[in-house]
Amino acid sequence: MAGKQTPIPEQVVNKIVAESGISKVGSASIREIKKLINDIETASGIPFIRMEMGIPGLPACQIGVNAQIEALKSGVAAIYPDIEGAPVLKKEMSRFVKNFLDLEVSSDGCIPTVGSMMGGMAGFMTFVRARKERDTTLFIDPGFPVQKQQHRVLGLKYETFDVYNFRGDKLRNKLISYLEKGNIHSIIYSNPNNPSWICFTEKELQIIGELSTQYDVCVFEDLAYFGMDFRRDISKPGVPPFQPTVSKYTDNYALLISSSKSFSYAGERMGLLVLSDKMYNREFPDLIPYFNTPKLGRAIIYGTVYAISSGTSHSAQYGLAAILKACNDGVYNFLDDVKIYAEKANIMKRLFLENGFQIVYDKDEDQPLADGFYFTVSYPGLSGEELLKEFLYYGISAISLAITGSERTEGLRACVSLIKMEQMPVLEERLKCFKENH
Ligand SMILES: Cc1ncc(COP(=O)(O)O)c(C=O)c1O
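Residues numbered from 1 in each chain as written. Predicted model: local features only at pLDDT ≥ 70, side-chain atom pairs only at ≥ 80, totals over all residues.

Undergrad: Summarise helix H12 (residues 314-328); cite the residues concerned and give the values.
TA: Between its first and last C-alpha atoms H12 spans 21 Å; for 15 residues at 1.5 Å apiece the expected length is 21 Å, and the two agree. With 13 of 15 residues buried, H12 lies mostly within the body of the structure. Once H12 ends, the next one or two residues include Gly330, with phi positive near 75°. (Helix = DSSP H or I, 4+ residues; strand = E, 2+ residues; numbered from the N terminus. Expected span 1.5 Å × (residues − 1). Buried ≥ 20, exposed ≤ 12 C-beta atoms within 10 Å, placed from the backbone.)

Undergrad: Break down the site of the ligand for me, with residues and values.
TA: Near the ligand lie 13 residues; those nearest to it are Gly115, Met117, Asn194, Ser258 and Ser260. Of the residues forming the shell around the ligand, the biggest block, 3 residues, is contributed by helix H5 (residues 115-127). Here the shell around the ligand is built from residues that sort into 4 nonpolar, 8 polar and 1 charged. (Near = placed C-beta within 6 Å. Nonpolar A, V, L, I, M, F, W, Y, C, P; charged D, E, K, R; others polar.)

Undergrad: Give me the packing of helix H1 (residues 10-20) against helix H2 (residues 30-44): which residues, what numbers.
TA: One way to put it is that H1 packs onto H2 with a least axis distance of 10 Å and a crossing angle of 140°. As summarised for this structure, H1 and H2 are arranged oblique, according to the angle between their axes. For the crossing formed where H1 meets H2, the hand is right-handed. Residue-level inspection shows Val12, Val13, Ile16 and Ser20 of H1 in contact with H2, the latter providing Leu36, Asp39, Ile40, Ala43 and Ser44. Looking at side-chain class alone, the contact of H1 with H2 contains 6 nonpolar, 2 polar and 1 charged residues. (Axes fitted to C-alpha atoms, helices over the stretch in contact; angles between N-to-C directions. Parallel < 35°, antiparallel > 145°, perpendicular 65-115°, else oblique. Left-handed = near helix turned anticlockwise from the far one by under 90°. Contact = placed C-beta atoms within 7 Å.)

Undergrad: Could you give me a rundown of helix H8 (residues 202-214), with the residues and numbers involved?
TA: Since there are 3.6 residues in each turn of an α-helix, residues three or four apart along the chain are aligned in direction. Taking 1.5 Å of rise per residue, the 13 residues of H8 would be expected to cover 18 Å, and the 18 Å separating its terminal C-alpha atoms lies within 8% of that figure. Every buried residue belonging to H8 is among Glu204, Leu205, Ile207, Ile208, Gly209, Leu211 and Ser212, and all of these are buried. Against helix H7 (170-179), strand S5 (184-190) and strand S6 (218-223) lie the buried residues of H8. In the segment just after H8, Asp216 is the residue with positive phi, at about 55°.

Undergrad: I'd like a description of the nonpolar core, backed by residues and values.
TA: Core analysis: the largest hydrophobic core is formed by 130 residues, its most contacted members being Ile187, Ala254, Val274 and Ala414. If one sorts the elements of this core by residue count, H12 sits on top with 8 residues. Counting contributing residues, this core receives three or more from each of domain 1 (10-47 + 339-437) and domain 2 (62-333). Those residues in contact with Ala414, other than ones at most four positions away along the chain, are Met51, Met348, Tyr374, Phe375, Val377 and Ala398. (Core = buried A, V, L, I, M, F, W, Y, C linked by C-beta atoms within 7 Å. Domains from an automatic or database assignment.)

Undergrad: Could you give an account of the pairing of strand S3 (residues 136-141), with specific residues and numbers?
TA: Residues in a regular strand project their side chains so that they alternate between the two faces of the sheet. Summarising burial for S3: 5 of the 6 residues are buried, a large majority. One ladder, built from 6 bridges, connects S3 with strand S4 (residues 157-162); its direction is parallel. When the sheet's bridge partners are listed, Thr136 is paired in S4 with Lys157. Crossover handedness for the path S3 to helix H6 (residues 145-154) to S4: right-handed. When S3 meets S5, the two strands line up parallel, connected through 4 bridges. Across the sheet, residue Thr136 finds its bridge partner in S5, namely Ile184. (Pairing = 2+ DSSP bridges. Right-handed = clockwise from strand over helix to strand, strands pointing away.)

Undergrad: Before we move on, can you summarise the sheet that holds strand S12 (residues 374-378) with the specific residues and values?
TA: Read across the open sheet, the 4 strands follow the order S9-S12-S15-S14; overall the sheet is antiparallel. A single partner strand is all that each edge strand has here, and the edge strands are strand S9 (358-359) and strand S14 (399-400). Where S9 and S12 come together, 2 bridges link them in antiparallel fashion. When the bridges of S12 are listed, Ile359 appears paired with Val377.

Undergrad: Let's hear about the pairing of S5: which residues, and what values?
TA: In terms of burial, S5 is largely enclosed, as 7 of its 7 residues are buried. Strand direction decides the pairing type here: S5 and S6, joined by 5 bridges, are parallel. If you follow Ser186 over to S6, its bridge partner there is Cys218. In terms of handedness, the path from S5 via H8 over to S6 forms a crossover that is right-handed.

Undergrad: A description of the domain arrangement of the chain should follow, citing residues and the corresponding values.
TA: Each assigned domain of the chain is listed with its residue range as follows: domain 1 (10-47 + 339-437) and domain 2 (62-333). For domain 1 and domain 2, the distance between their C-alpha centroids amounts to 30 Å. Counting residues at the interface gives 21 residues for domain 1, matched by 24 residues for domain 2. Tallied by class, residues from the side of domain 1 that touches domain 2 come to 9 nonpolar, 5 polar and 7 charged.

Here it is as structure tokens:
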């Protein structure tokens, strides 16, 4: 690229990268990239097309904000919340999973956590103690890097594979090759998937569900992007279609339901861990030395959640309860508010494709991928690392798929949330310039 005209002057980018201390931009974490882009923006005075952070770009759901303010006024800030969660939130979540997943779950198993991040962490910390011989989590990747970070800081073991080459029927034997060893306690994946936005088909969910029963492992289904596969409208309570889920095919499940993206409530750090009735009541004698109880649901709530955070923000629980109630009663269509992500993705993917880029994860078996919160791109002849570095000169930021457990090292993840419709012409101009220079 040396000597070519680029939207951000070459010497500015080179100077800031050298000063950042980041040895390889391609393997930098999301937060490191964020800081680097901030510095380049400040030095150049030119705003980036910022696609690196997966944060909501919309105002918080007002129903939640209002209810939370009322809860604060009524004095809940002074009072410790019950560790198992506010009854009204537990009840509305139980209704929500019935209405939008077509699933019967007792409110006992609906456990508020500090973001769904903590739901996963509490789950892994407990499951790893449930059976001595099972000490490993299996990630169906690509995945959300922080969940592996949780494993590393806790010293927990995990195994992983990139599902790219194992879609459809091929998933079965691949999963069996891990499960038959007998060391796996849980499987985790997100659906829709961060970073690739693949969504498992019913066949794939059935394979995962059946094998988890057969090999007796728990499936953590991370529904951080609940309902956001916009190819089907699951927004009507109690009416099909429902959010696709592994829980149709097994009772060995724990759902991670987040308020962050579907309700733009990320700042309040509210999520729920939803355990199937079977899992909630299941007894594992190996839990006793750690939790004084063999019962999994009790161990998670009064052992792990108590130890980590002693429950979650009291007022935020009332905020989320009000949002869920409005969804359940059919007076608030949460997906109307977030559909804009799909509209943006549709335009952005077109702009990338028109300028010589490719979509890396492009199909769910034979179906084109949905437009949503993320998409993945590559450019012929460049590795993901080279592309990420090269993008800096064009005022475009993303993250490398290499940090997500993906083997598609040519690819980058792009997040649409922070891009404004008014910025689309700027993106187009920069991509055209990129194409001309390559
Ligand atoms: C797959 C996945 N899981 C979990 C989370 C975090 O959710 P929360 O904000 O509820 O902790 C995210 C956020 O980006 C995510 O992408």
